[in-house]
Amino acid sequence: MNNKILLIGVTSVISIALDQFTKYLATKHLMMHDPISWWNDFFVLTYSINHGAFLGLGNNLPEGVRNLIFSGLVGIFLIGFSIYAVRDKHMNKLQNLACGLVLSGGFSNLYDRITNNGGVVDFMNMGIGSLRTGIFNVADMAIMAGVFMLVIYSYKTDDKK
């Protein structure tokens, strides 16, 4: 149990620190500046505040509804998921690492919402031509990596049964 908490905790602390540091750098060096582009616009750094969910989903909802969903309900989910992750005795190290990534991304973006008037700092965009991702941040990458790891692991264990 202590190793589980340590793995989830260390993963979360490192991921949150990296996310918050990169958001600080984006705010300091990208806000009020032109986007920075590499490899024919394949990778672009541009400052953006996202008041919606992942990739701007729900951005047009009324502010009160957005705050309820993206701060209140997400906060409740993160607390519940934290309890589940710590208490589940069947998870292996990979699953614990994945939970740490999901939790860190969620809590880091929630911290942004609470301290940034409901918005999250986003600054990365990738794509080729008109086929592009939305603008995202390190916390979004942590969430997606953690979810991907959990999904892949669930398929691998289903195959063994």
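Up top you'll find the structure we're talking about.
As a starting point, this report considers the structure included with it. Model, not experiment: these values are computed from the prediction. (Residues numbered from 1 in each chain as written. Predicted model: local features only at pLDDT ≥ 70, side-chain atom pairs only at ≥ 80, totals over all residues. Heavy atoms only, no water.)

1. Regarding the packing of aromatic side chains
Then step 1. Within this structure, the stated rule accounts for four aromatic pairs.
Then step 2. Where F21 meets Y24, the ring centres are 6.5 Å apart and the plane angle is 25 degrees; that geometry is what we call stacked. With F21 and Y24 both in helix α1 (residues 2-30) and three residues apart, the pair spans about one turn of that helix.
Then step 3. With relative accessibility at 46%, the residue Y24 sits in the partly exposed group.
Then step 4. An aromatic cluster is defined as three or more aromatic residues linked by ring pairs; in this entry it consists of F77, F81 and Y84. (Phe/Tyr/Trp six-rings, centres within 6.5 Å; stacked < 30°, edge-to-face > 60°. Helix = DSSP H or I, 4+ residues; strand = E, 2+ residues; numbered from the N terminus. Buried < 20%, exposed > 50% of the residue type's maximum accessible area, 1.4 Å probe, protein only.)

2. Here we look at the pattern of salt bridges
Then step 1. A full pass over the atoms with the stated rule returns two salt bridges.
Then step 2. Note that K23 and D19 form a salt bridge whose closest N and O atoms lie 2.7 Å from each other. Here D19 and K23 lie together in helix α1, a separation of four residues that amounts to about one turn.
Then step 3. We classify K23 as buried; its relative accessible area is 3%.
Then step 4. Overlapping salt bridges bring together D19, K23 and D112 as one network. (Salt bridge = Lys/Arg side-chain N within 4 Å of Asp/Glu carboxyl O.)

3. A short note on α1
Then step 1. Its 29 residues place the ends of α1 41 Å apart at the C-alpha level, agreeing with the 42 Å of an ideal helix rising 1.5 Å per residue.
Then step 2. Regarding α1, the residues found buried are K4, I8, T11, S12, S15, D19, T22, K23, A26 and L30.
Then step 3. Two residues or fewer after α1 comes M32, characterised by a positive phi angle close to 70 degrees. (Expected span 1.5 Å × (residues − 1).)

4. Some words on the environment of I69
Then step 1. Residue placement: I69 occurs in helix α2 (residues 63-87).
Then step 2. Residues within four places of I69 in sequence aside, it is in contact with L61 and V74. (Contact = heavy atoms within 4.5 Å.)

5. Details of the environment of L94
Then step 1. As for its position among the elements, L94 is in helix α3 (residues 93-115).
Then step 2. Along the backbone, L94 and Y153 are 59 residues apart, and their C-alpha atoms lie at a distance of 8.4 Å.
Then step 3. When near neighbours in sequence (up to four residues on either side) are disregarded, L94 contacts M149 and Y153.

6. Observations regarding the pairing of strand β2 (residues 43-50)
Then step 1. Alignment of strand β1 (residues 36-38) against β2, held across three bridges, turns out to be antiparallel. Opposite W38, over in β2, you have F43 as the bridge partner.
Then step 2. Hairpin connection between β1 and β2: a loop of four residues separates the two successive antiparallel strands, and W39 in this loop has a positive phi of roughly 50 degrees.
Then step 3. Here six bridges tie β2 to strand β3 (residues 120-128), and the two strands are oriented antiparallel to one another. Counterpart to N50 in the pairing with β3 is V120. (Pairing = 2+ DSSP bridges.)

7. Describing the sheet that holds β3
Then step 1. If you walk across this open sheet you meet the four strands as β1-β2-β3-β4, and the pairing is antiparallel. If you trace the sheet from one side to the other, it starts and ends with β1 and β4 (131-132), each paired once.
Then step 2. Across the sheet, α1 is in contact with β1, β2 and β3; its angle to β3 comes to roughly 80 degrees. (Axes fitted to C-alpha atoms, helices over the stretch in contact; angles between N-to-C directions.)

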